[in-house]
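Read off the chains here:
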Amino acid sequence: MTGHSEEDTTSLSVKEGREKRVSFPPDEEMVSDFVESRVQLQEADSLSLTDIILAYKQSCEKHHVKPNPKALDQLKQITCVTDRARCFDLSGERLDYCSCESLEEILKSVQFDFISLQGAELEENGASSLLDMFLYYESATHLDVSSNSGMGFSGWLSLSHLLRQSGCLWRLDACNMPMVDYAAQALSKALLTSRLTVLHLENTCLSGKPLFTLVGALKRNVALQELYLSENNLNSYQDSMQLADLLKYNSTLRTLDLSNNSTSNSGLEEICDALSFQKTGLRTLILSNNHITHLGMSHLQNVLPRLKTLETLNLGKNNLENRGIHTLKESLMINRSLLQLGLAATGITCEGAVTLAEILAESPQIQRLDVRQNQVLAGGLMALSLALKINRSLIRLDLDQHLKEEKEDFLVETQKTLLSRISDLCVVNATAAKGTALLPAPPDPADCAETTYSLPTQTAE
């Protein structure tokens, strides 16, 4: 084929002496080649699983590699090759260049909803080859390439091309590997035109220049709806300013996860100032474990009454204390958009629980409140149960289920009674809501061991 740009030639060529079977035309010719690839896939539909497995084994023999047992097991579980299979999981399997090349016999015959290459030790040529195949055969709607720090320049360039050209890929996970300069540039260029709606970049060393490069593209992106940036050591200065810029200029982002970073109070101030620019955008903001204290709540206090779209706010694992909850009290009463509030492990005692009860008594819309891993005793539980006799919206109140030590033994038994009463009142509210679906905020990993109230209605995952 002719007409390749210099970038396409760089990204799609292979080291001298190696032949590459998958190649791409320039962007303007993609439609005709897409039709051709669909014809090939239609021809593959006539193949049986036995044919596909045999072709894969022959390809492995040709490339002098052993067939991957994990791949074979998953192929045998496929019931229909005309529909996308649910998952092709190669996580933890070492895939060198020849192993990647041998997989083409599978990819040309079967498409998948999810392909996981997490920790597959991809090398530069192998990654480039495999990602080119994913584009040519439209292999996945959700792709996980996490923990593959050896993808190299060509691998990231091929990933960039995949993101820009794929008509079906909607989610990418690229976590647990450093976002070096060329990777950040390749990803950012792709995000200018990508159709991705969900992007996970947890633990990728984004702080500094990589985040600056990424935000530069995301400010112009109109497709991405969910962005997960947990565990990137994002700081309270330049990084928080970049995140503020993102919120000021991007109106399509719906979920932003900044958990397990270091934005602190000064970074929160930048973010809150930017939130005031959000008129139709952000719905979920996760700020758990960010070294935020009660002093930072004054910034949230100022912006919460003006927010019209924010539905979920997770402030868990920040040392807010009772003082922080008291600071937020009036603004939470005024706000009419917030449906879910996460306050797990925030240093709250009975005093803070009483403040929350006062908020619940005035709130007509809040559906979920998480106060696990706090020192809420019988007095706080009593206040919450009384508030639920007035409140009609709360259908889930997450509380520690283990009984806590009290000064008087009878109060321990009172805790048990109150926990049961609170659960029953939530059930009453949920029943009255007649099946209203609740979308719970993603819990922190440390919270998962805690027992939570089961919702009487089916919840969306």
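Since this is a predicted model, take the numbers as computed values, not measurements.

A. A look at the packing of helix α8 (residues 152-165) against helix α9 (residues 181-191). Running from N to C, α8 and α9 point in directions that differ by 10 degrees, and their axes come no closer than 8 Å. By the angle class used here, α8 and α9 are roughly parallel. In contact with Gly152, Phe153, Trp156, Ser160, Leu163 and Arg164 of α8, α9 contributes Tyr182, Ala183, Ala186, Leu187, Lys189 and Ala190. When grouped by side-chain class, the residues that make up the contact of α8 with α9 number eight nonpolar, two polar and two charged.

B. Here's a closer look at the pattern of salt bridges. Evaluation of the coordinates by the stated rule reveals 14 salt bridges. With a shortest N-O distance of 3.9 Å, Lys209 and Asp181 are connected by a salt bridge. With Lys209 in helix α10 (residues 209-218) and Asp181 in helix α9, the pair connects residues that are 28 residues apart, well separated along the chain. With a shortest N-O distance of 4.0 Å, Asp370 and Arg368 are connected by a salt bridge.

C. How the structure looks around the pairing of strand β3 (residues 140-144). Counting buried residues along β3, five of its five residues qualify, which places the element largely inside the surrounding structure. By the bridge criterion, four bridges tie strand β2 (residues 112-116) to β3 in an arrangement that is parallel. By the bridge assignment, Phe114 is partnered in β3 with His142. Between β2 and its parallel partner β3, the chain crosses via helix α7 (residues 124-136), and the hand of that crossover is right-handed. As judged from the three bridges shared by β3 and strand β4 (residues 171-173), these two strands associate in the parallel manner. For Leu143, the partnering residue across the bridge sits in β4 and is Leu172. Handedness of the β-α-β unit built from β3, α8 and β4 comes out right-handed.

D. Fine view of the packing of aromatic side chains. Summed over all chains, the structure comprises three aromatic pairs. When the ring of Tyr136 is compared with that of Tyr137, the centres are 5.1 Å apart and the planes differ by 85 degrees; the resulting orientation is edge-to-face. Each member of the pair, Tyr136 as well as Tyr137, is classed as buried. Aromatic side chains Phe153 and Tyr182 sit 5.9 Å apart centroid to centroid with 70 degrees between the ring planes, which places their arrangement in the edge-to-face category. With Phe153 in helix α8 and Tyr182 in helix α9, this residue pair connects regions lying 29 residues apart in the sequence. Residue Phe153 is classed as partly exposed on the basis of its relative accessible area of 40%.

E. Broad picture of the environment of Gln58. Within the secondary structure layout, Gln58 lies in helix α3 (residues 49-62). Taking the relative accessible area as the measure of exposure, Gln58 reaches 47% and is therefore partly exposed. Residues Gln58 and Ser102, 44 residues apart in the sequence, show an inter-C-alpha distance of 8.6 Å.

F. Main features of helix α16 (residues 378-388). Of all 11 residues in α16, eight are buried, a share of seventy percent or more. Restricting attention to buried positions, one finds in α16 the residues Ala378, Gly380, Leu381, Ala383, Leu384, Ser385, Ala387 and Leu388. Structurally, α16 contributes buried residues whose contacts are with α15 (350-362), β12 (396-398) and α17 (409-432).

G. Representation of the sheet that holds strand β5 (residues 198-200). Across the sheet, 12 strands lie side by side as β1-β2-β3-β4-β5-β6-β7-β8-β9-β10-β11-β12; this open sheet has parallel pairing. At either margin of the open sheet sits one strand with a lone partner, and together these are β1 (85-89) and β12. The average undirected angle you get between the axes of adjacent strands in this sheet is 5 degrees.

H. Structural detail: the confidence of the model for the protein. Taken over all residues, the pLDDT of the protein has a mean of 88, while the share at 70 or more is 84%. Contacts for the low-pLDDT stretch residues 28-35, under 50 throughout, to residues beyond four places or in other chains number seven contacts. Long-range and interchain partners of residues 438-461, a stretch whose pLDDT sits below 50, account for 54 contacts in this model, where long-range means more than four residues apart.

I. Structural detail: the side chain of Ser139. Structurally, the position occupied by Ser139 is in the loop between α7 and β3. Residues within four places of Ser139 in sequence aside, it is in contact with Arg84, Leu107, Gln111, Phe112, Ile115, Met133 and Phe134.

J. Structural detail: a nonpolar patch on the surface. Together, Phe153, Val180 and Tyr182 make up a nonpolar patch on the protein surface, roughly 240 Å² of accessible area in all. A relative accessible area of 33% means that Tyr182 is categorised as partly exposed.

K. Up close: α17. Between its terminal C-alpha atoms α17 stretches 36 Å, which fits the 34 Å expected from 24 residues at 1.5 Å a residue. Every buried residue belonging to α17 is among Gln415, Leu418, Leu419, Ile422, Leu425, Cys426, Asn429 and Ala430, and all of these are buried. Positive backbone phi, approximately 55 degrees, marks Lys434, located one or two places after α17.

Thresholds applied
- Residue indices follow the written sequence of each chain, beginning from 1 at its first position.
- Residue-level local features of this predicted model are given only where pLDDT is at least 70; pairs of side-chain atoms are given and counted only at 80 or more, and the full residue set underlies all totals for whole chains, interfaces and linings.
- Side-chain descriptors were evaluated using all non-hydrogen atoms of the structure, hydrogens and water having been removed beforehand.
- Each axis is a line fitted through C-alpha atoms, taken for helices only over the stretch in contact, and angles between the N-to-C directions span 0 to 180 degrees.
- We count a stretch as a helix when DSSP gives it H or I for four or more residues in a row; a strand needs E for two or more, and each element gets its number in order from the N terminus.
- What sets the label is the angle itself: under 35 degrees gives roughly parallel, over 145 gives roughly antiparallel, 65 to 115 gives roughly perpendicular, and the rest give oblique.
- The criterion used for residue contact is that any of the two residues' heavy atoms lie within 4.5 Å.
- In this classification, the charged set is Asp, Glu, Lys and Arg, the nonpolar set is Ala, Val, Leu, Ile, Met, Phe, Trp, Tyr, Cys and Pro, and all remaining amino acids, among them Gly, are polar.
- The working definition used for a salt bridge is a side-chain nitrogen of Lys or Arg within 4 Å of a carboxyl oxygen of Asp or Glu.
- Each residue gets one of three labels from its accessible area relative to the maximum for its type: buried under 20%, exposed over 50%, partly exposed in between, using a 1.4 Å probe on protein chains only.
- Think of it this way: DSSP has to see at least two bridges between two strands before they count as a pair.
- Whether a crossover is right-handed depends on one test, that the path from the first strand over the helix to the second runs clockwise when the strands point away from the viewer.
- Ring pairs shown here join Phe, Tyr and Trp side chains whose ring centres sit within 6.5 Å, with only the six-membered ring taken for Trp; geometry is labelled stacked below 30 degrees between planes, edge-to-face above 60, and tilted in between.
- Note: pLDDT gives the predictor's confidence per residue, expressed from 0 to 100.
- The residues that make up patches have over 30% relative accessible area and no salt bridge, and they are joined within 9 Å when like-charged or within 5 Å when they are Val, Leu, Ile, Met, Phe, Trp or Tyr.
- Surface accessibility follows the Shrake-Rupley procedure with a 1.4 Å probe radius. Residue values consider only the protein chains on display as shielding.
- Here the expected length of a helix is defined as 1.5 Å per residue gap, with one fewer gap than residues.

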